[in-house]
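Each chain is listed here by its residues.
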Amino acid sequence: MMKFRFRRQGHDPQREKIKQDLFAFNKTVEHGFPNQPSALAYDPKLQLMAIGTKSGAIKVYGAPGVECTGLHKETATVTQLHFFPGQGRILSLLDDNTLHLWEIEQKEQCSHLEEVCSFMLPGRSGIESTSATRVTVLLPKLSCDLLAVGTEGGGVHFLELPSFTLLDRSIFQDEIMQSVPEEYKCGKSLGPVESLQEHPQHPDKILIGYSRGLVVLWDLQSRHADNVFLGKQQLESLVWVRSGNSFVSSHSDGGYMVWPVSSSTPCTHEPVTSTIPYGPFPCKAVNKILWRTTESGAPLVLFSGGMPRASYGDRHCLTILQDSQHITLDFTSRVIDFFTIHCIDRDKEFDDPLALVVLLEEELVVIDLQTAGWPTIPSPYLAPLHSSAITCSYHISNVPTKLWDRVISAGQRQCHLQTHTNWPICGGKNLAPSPKQQELLLTGHEDGTVRFWDASGVSLRPLYKLSTANIFQTDCDHNDSLTQAGEEDWPPFRKVGCFDPYSDDPRLGIQKICLCKYSGKLLVAGTAGQVIVLYLCDEKSDHMIDVATVDLLQDREGFTWKGHDRLPPKSSSVPFAPGFQPVVLVQCMPPAAVTAVTLHAEWNLIAFGTSHGFGLFDYHRRSPVLARCTLHPNDSLAMEGPLSRVKSLKKSLRQSFRRIRKSRVSGKKRVMVQEANAQLAEQDAEVTPVQRRIEPRSADDSLSGVVRCLCFADTFLRDGTHHGPTMWAGTNSGCVYAYALDVPSQDKFSEQSVEALLGKEIQLMHRAPVVSIAVLDGRGNPLPEPYEVSRDLAKAPDMQGSHSVLIASEEQFKVFMLPRVSAKTKFKLTAHEGCRVRKVALVNFSSVASEDYSENGLVCLTNLGDIHVFSIPALRPQVRYDCIRKEDISGIASCVFTKTGQGEYFKKIFLKSRFYLISPSEYERFSLSARVITKPLCQLDVDRPHDPSELSPLSSPALDSPNSSADITLDTTGELTVEDVKDFLV
Amino acid sequence: CLPMIRIPEANSLSFEAEYRRFALKKNGAGSFQEFYQLLQTIHRIPGVDVLLGYADIHGDLLPINNDDNFHKALSSANPLLRIIIQRRDEDEPVVFPTNSLQRRKKGLAGLRPSQQKNKPALLIGLPQDFRQISSIIDVDILPETHRRVRLHKHGTHKPLGFYIRDGVSVRVTPQGVEKVPGVFISRLVRGGLAESTGLLGVNDEILEVNGIDVAGKSLDQVTDMMVANSHNLIVTVKPANQRNNVVHRGSKASAGNGSAGSGGSALSHESAHSPASQTVSQCSNSNSVAEGDSDDDDTDLIIESDNLPSYTPHRSLANGNIHGNTPSSGVFGHRPLPQSVSLPSSSSLPTKTSSSQESMREDGNFITL
């Protein structure tokens, strides 16, 4: 008999075919903001933006939905990116001094970035040190046939494009020195090349700026310096004025100078104007400056840095100056780079910038330069998911249109300070069909907010933000911290961007979310044991919240809670904007973090669990139904709140670091430290073998009482003939409690109370934490969600056959028959594979071959980052995929599986994508279904002459794409400029 | 029928030798206590604390100190059963070594006391605490260099008592000698289960855990597998010290000497023949302990609450308590349930079973409360 069983499990060709039609693993898209961006570029012709990261990735964005990604083989920081305008080619410079050429390829509706070739500047026949050939700046000529490369040694080299052939035309400093007057030479070198800029009118002339301050206008044809500009201040960046009659230089002392360019004077000693905008006290360097002429008159000056060192040296600022208008944009993270989107037509006289795009370390900010007051433009992609640390996420597929529209309208009323100007970066065509169903992703954050995102398509779009902080009295009023920005009138600071990782009260953090998509009821639970029931309401309201306290310790004596206090609710009525409005607040005592919640809107019941026990609450009658302590008598750790000390330390650190932020540690240094650590770890692993003690779980492990999962189900608990509402709870020590509920019928809710009676207690022998509980109907399908049957949205579950309950623990899956709770099938994952279950979900897979065929499966993510799919209720292994690196613990912990589709009537689409956080700021989406895959489908029309000789000279002078400035290099190849060093010493 | 029970020998260092022979009804034997009192009466030594031992079919001297091994002893009588009665002596702990009777017959009895004094740490302990803690299984299907050991935890929460580490193992392949990563025992906890078996040693390479090859698995995975299988752990090792393994396959006589000399497997049965190892090997010789093969070691406890207002009137299980402990032993329906299910009668909390309630059980089936 056993042999027979094993054979059947093996290779049944028919079954294999079905499996192929059902399951396929694909990584599809990445949502959110790239982790640690390091370079920015813009193609004004194709209207595409590219972002490079410290991990060597290049991401190209155009119109919403248009995106493609490339990854360097080397995991080195991308320090610079440059587009060849209109060609769909990108040049990248890495930390390791290599140049790479990328091309956008179009393949079956998808655009890909592919590396074409790479190049490394050769050393100069063994004389110079390697630092001399270290590339500092790049200038691809607008004609796209020539690349000028400036080095740390002060030389400028020329490469033919796109072949990367080194031309024998290099300019060395001794050549330049000949044109410089004697008194300027003073025996010192000119320093590295800081900036290379092409003349806006004469393509043969380039401006070379050296670190020491010397600027040279060089004629490529005659190989001769036309003009020299004897700057005496250390140079940071250069930019041409559109006319070509003057240029602007920015300096390390926080000032900028405007220099005249005229053929009559080959040697200019003094600039026309020299300004230190935030003087007279010492200022930090102006890293990059842009000068944009406008038709309306005064030019627009945009520069980053330059703040007074003593008072605002730690701010990340970008200044916009025009005439008397002056705004200092105050960001919460470092400015990586910025560019303006403006007119590139050479015939036009003015730049007339449309928008300013600023890439920060943690977000992308776009400023509308056409509208008075320079408001921000909301970004349709690159949303800073991590604006406050994400503490949990929750996914709802197939959102009803009604709920969708109400959430969107509530969200629209929240955005005041934003314009509705169209998104200015609009290259490419989005070919993806509009999503057939709407999906919501809810993220809970450390600051007590819940953000709603449109997860239907390729780009994750913010829809609505809900804050739960306003119903509590906290030390710090949250609105104040934003408005107090302008402590003084000067400089005229304006807080921009939403990245604010510093939560003032960690108790506000959201731990669990549950939403009923049919009734619009939301359940949100947090770190201080708060459980909030919210109703979706279209009108604004001003009301008191009903507060109830549930003691989960019950009659347990001798325990003292040493953790944080509960959050005191506000005693007066609170105004609420349209949207989700809190109605009931249940506070668990002791106020430990909520570890599990569930909601049954049809029964008006919520259930919640902490490390001490679980409770059941009737939010209609506002009355507690049940509280049960799950603590083991030996479990003292749970009572003392093991994290309390850590938390308070964290809080104090947070406060002291709040102003310091991350500015002092340069990105480069951090990477180096990380690398050193990684190397150290590798060595350690080789030297001392790791030991593991073989010790089985015992009953008195700490935190054994943590409630891990809760579930409501209408099933057979009392006997095999009568079904009724039940509630199930599973704990960390492998204990499952099943309660039979007495829920009054709809019309009697107000009079009759709900009652709960303990029906069964199951102690799993292996005592592993119970990860999930689900009830299966007579056909082995999961029970539908509340309201789905009563609203005819799903087929009624089979109540004839005997139900079963699927209990997934960290080590094994088991299906028990109901009501007897006798084991039917099981799969011992840990005993066989040695891996532990982290996340499970029941998912409906539909076949690519046949519209009507679908199967339910149990999807399981293990601690090794692989995904297993099992059939239910037989629990036979189906497929296994490697998904997440096993070292990526936060990625594994944050994985969310999307639920099944609508039910058996709606076969069109079943989304099988799931999300997990790949870095603190991004979600990666993968799909297990062979049928539906959400991935970017877009088209980019590139005009790429394959033979360089055929190139026609391009006419548009896009002088301002960020390609051209030197500060990129400074930002990334080491922020330790002279100033920073001083900073440390002071 | 009246099978004869023969008591040929009552042997002790301080008693004078005395041989008695009497008959006992096999099926009416009753409990160990009754038998103990019966012997005291027959030998006219009421009140004297004695230890009972019997010679099993292989000639091993095994203890009789509870109902289980008493019945086992009775069942091994064919039809005679030799029982040895010794006075309990506190100064000199008594051991029941393998082949002790045979050895004594060969005139080696004189060597025994000195050996005992050399290796006092290897003594098994007082017979009243005796239970099987390990066995070597599958000797007939494994290569001689390997050893498959089953550890019996008997539902205790005592750790298995060893540590494992990563290491490099040398394999001989057709391409030559190859170094592959392996998992090794790095340390034994003093007085722990693993050490007390004498079957596992430091630097033994672990090859399989419950029939699953550990090749390619990480240390954490192997740890998790062992923990998950801890109530019925079967590890296949390649012992670092191969000397014992070769001896094991040698002649009967040398095996006896070898094991007594090294003391390494003082308790190990000559496992190919012992009934215990046969039952075990049935479970595990198919290399995959797949679905349900080891189900019987892993029965969850289901407590039904009987205060549910039942719809059906015939619920007869009601016993009034909120947490009535009516165990429904939830294993596969089609599998014959092992008969022996021991349940402490009163506690309804999942706490430790006191050691007095543990008893040796060959199928390892337990329901703990």
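Residues numbered from 1 in each chain as written. Chains lettered and ligands numbered in written order. Predicted model: local features only at pLDDT ≥ 70, side-chain atom pairs only at ≥ 80, totals over all residues. Heavy atoms only, no water.

Moving on to the overall build of chain A. A count of helices and strands for chain A gives 14 helices and 63 strands. Evaluated residue by residue, chain A yields a buried proportion of 60% over its 986 residues. Once local pairs closer than 6 in sequence are excluded, the contacts in chain A between residues at least 24 apart make up 61%. Total accessible area on chain A is roughly 38900 Å²; 51% of this is exposed by carbon and sulfur atoms. (Helix = DSSP H or I, 4+ residues; strand = E, 2+ residues; numbered from the N terminus. Buried < 20%, exposed > 50% of the residue type's maximum accessible area, 1.4 Å probe, protein only. Contact = heavy atoms within 4.5 Å. Areas by Shrake-Rupley, 256 points an atom, 1.4 Å probe, with all protein chains shown as cover.)

What follows is about the confidence of the model for chain A. All names here are of chain A. Overall, the predicted model of chain A reaches an average pLDDT of 81, with 83% of residues at or above 70. Across residues 1-9, confidence stays below pLDDT 50; counting only partners more than four residues off in sequence or on other chains, it has 11 contacts. Counting interchain partners and residues more than four positions distant, the pLDDT-below-50 stretch residues 947-986 has 105 contacts. (pLDDT = per-residue confidence, 0-100.)

Moving on, we come to the environment of L188 of chain B. All names here are of chain B. Tracing the chain through its elements places L188 in strand β7 (residues 176-188). Each C-alpha atom of the pair L188 and L160 lies 9.2 Å from the other, and the pair is 28 residues apart in sequence. If near-sequence neighbours (up to four positions away) are discounted, L188 is found in contact with G161, F162, A194, E195, L200, G201 and V202.

UniProt's entry tags residues 275-375 of chain A with the feature "domain: Lethal giant larvae homologue" (unreviewed entry), counted in the numbering of this structure. A helix fraction of 4% and a strand fraction of 50% characterise residues 275-375 of chain A, whose end C-alpha atoms lie 26 Å from each other. (UniProt positions renumbered as here; feature names shortened; annotations may be inferred.)

Moving on to helix α6 (residues 401-412) of chain A. Each turn of an α-helix holds 3.6 residues, which means side chains three or four residues apart point in the same direction. Residues and elements named next belong to chain A. An ideal rise of 1.5 Å per residue puts 16 Å on 12 residues; α6 measures up with 16 Å between its terminal C-alpha atoms. Within the span of α6, buried status applies to L403, W404, V407, A410 and G411. For α6, the angular spread of the buried residues around the axis is 135°, confining them to a single face. Opposite the packed face of α6, turned more than 90 degrees from it, sit the exposed residues K402 and Q412. On its buried side, α6 packs onto β32 (440-445), β33 (449-454), β34 (461-467), β36 (510-516), β38 (530-537) and β42 (579-589). (Expected span 1.5 Å × (residues − 1). Arc of directions from axis to C-beta.)

Before going further, it helps to spend a moment on the side chain of R451 of chain A. All names here are of chain A. Topologically, R451 is positioned in strand β33. For R451, a relative accessible area of 10% puts it in the buried group. Side-chain polar atoms of R451 contact the side chain of H445, separated by 3.4 Å. Residues within four places of R451 in sequence aside, it is in contact with S387, S388, L441, L442, T443, H445, Y464 and K465. (Polar contact = N/O pair within 3.5 Å; in protein donor to acceptor, adjacent residues only side chain to side chain.)

Looking now at the UniProt feature "repeat: WD" (unreviewed entry) in chain A. Residues annotated by UniProt as "repeat: WD" (unreviewed entry) correspond here to residues 440-454 of chain A. This span, residues 440-454 of chain A, is 0% helix and 80% strand, and a straight line between its end C-alpha atoms measures 5 Å.

Right, let's talk about the pattern of salt bridges for a bit. Here the structure, examined in full by the defined rule, presents 30 salt bridges over all chains. Note that R15 of chain A is salt-bridged to E855 of chain A, the shortest N-O span being 2.8 Å. Taken together, the positions of R15 of chain A in helix α2 (residues 13-22) and E855 of chain A in strand β57 (residues 854-862) put the pair 840 residues apart, joining distant regions of the chain. The class of R15 of chain A is partly exposed, set by a relative accessible area of 23%. Several salt bridges share partner residues, and in doing so they unite R708, E810, E811, R836 and R838 of chain A together with D224 of chain B into one network. (Salt bridge = Lys/Arg side-chain N within 4 Å of Asp/Glu carboxyl O.)

As a general point, the strands of a sheet are linked pairwise by backbone hydrogen bonds and lie either parallel or antiparallel. Residues and elements named next belong to chain B. Spatially, β2-β1-β3 is the arrangement adopted by the three strands of the open sheet, whose pairing is antiparallel. Unpaired on one side and paired on the other, β2 (61-64) and β3 (83-87) mark the two borders of the sheet. Pairs of neighbouring strands in the sheet enclose a mean axial angle of 35°, with direction left out of account. As defined by bridge partners, strand β1 (residues 50-55) adjoins β2 across four bridges and the pair is classed as antiparallel. Within the sheet, the bridge partner assigned to G53 lies in β2 and is P63. Lying on the sheet, helix α1 (residues 32-42) is in contact with β1, β2 and β3; it crosses β1 at an angle near 105°. Packing against the sheet, helix α2 (residues 67-75) makes contact with β1 and β2, and its axis sits at approximately 130° to β2. (Pairing = 2+ DSSP bridges. Axes fitted to C-alpha atoms, helices over the stretch in contact; angles between N-to-C directions.)

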